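Letter by letter, the chains look like this.
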Amino acid sequence: QVQLVESGGGLVQAGGSLRLSCAASGSIFSSNDMGWYRQAPGKPRELVASISSGGTTNYADSVEGRFTISRDNAKNTVYLQMNSLRPENTAVYYCKGRQWLRDRWGQGTQATVSS
């Protein structure tokens, strides 16, 4: 059973943009924080951005001002708009939610930024 599905990754040039989407089941999405994480080659997985059920956002310092997280509660979807991309942003990006007190992860989507 797949309950979180990411899309929108790809290959872009430095300075370009990508818009990632994560469609989640209602039981994961409703009344829960959602987050985007990434794992770059040779580095641990890290939080990129999160958004609460009420819309409060939090960002890693390295992406503040360039990335925007948002959610559409009617569609059970969370987005990550990534602008001014840099090669160091190359990573697999994962969507995370909570269901029945457990973390739930999507399969990940690859974003590659060329110089």
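Since we're looking at a predicted model, the values are computed, not measured.

(A) A look at the pairing of strand β10 (residues 102-105). Inspection of the sheet shows strand β9 (residues 91-99) paired to β10 by 4 bridges, in the antiparallel sense. When the bridges of β10 are listed, Q99 appears paired with R102.

(B) Main features of the nonpolar core. Within the largest apolar cluster, 28 residues are counted, with the highest numbers of intra-cluster contacts made by M34, W36, V78, L80, M82 and Y93. Among the secondary structure elements, those contributing two or more residues to this core are β3 (18-24), α1 (26-29), β4 (34-39), β5 (46-51), β7 (67-72), β8 (77-82), β9 and β11 (109-114). Examining the composition of this core, we find that 4 residues originate from one element, β3, more than from any other. Aside from chain neighbours lying at most four places away, what touches V78 is L20, S21, C22, F29, M34, W36, I51, I69, S70, R71 and C95.

(C) Quick look at the pattern of salt bridges. In this structure the tally under the stated criterion is 3 salt bridges. When the shortest N-O distance is used, the salt bridge between E46 and R38 registers 2.9 Å. According to the relative accessible area criterion, R38 is buried, its value standing at 6%. Two residues, D103 and R98, come together in a salt bridge whose shortest N-O distance is 2.9 Å.

(D) Region of the structure containing the pairing of β3. Taken across its 7 residues, β3 has 5 buried, putting it largely inside the fold. Taken together, the 4 bridges between strand β1 (residues 4-7) and β3 define a ladder with antiparallel strand orientation. Bridge pairing in β3 links L4 to A24. In this structure, β3 lies alongside β8, joined through 6 bridges in antiparallel fashion. Across the sheet, S21 pairs through a bridge with Y79, a residue of β8.

Each value, and the rule that gives it
- Residues numbered from 1 in each chain as written.
- Predicted model: local features only at pLDDT ≥ 70, side-chain atom pairs only at ≥ 80, totals over all residues.
- Heavy atoms only, no water.
- Pairing = 2+ DSSP bridges.
- Helix = DSSP H or I, 4+ residues; strand = E, 2+ residues; numbered from the N terminus.
- Core = buried A, V, L, I, M, F, W, Y, C linked by side-chain atoms within 4.5 Å.
- Buried < 20%, exposed > 50% of the residue type's maximum accessible area, 1.4 Å probe, protein only.
- Contact = heavy atoms within 4.5 Å.
- Salt bridge = Lys/Arg side-chain N within 4 Å of Asp/Glu carboxyl O.

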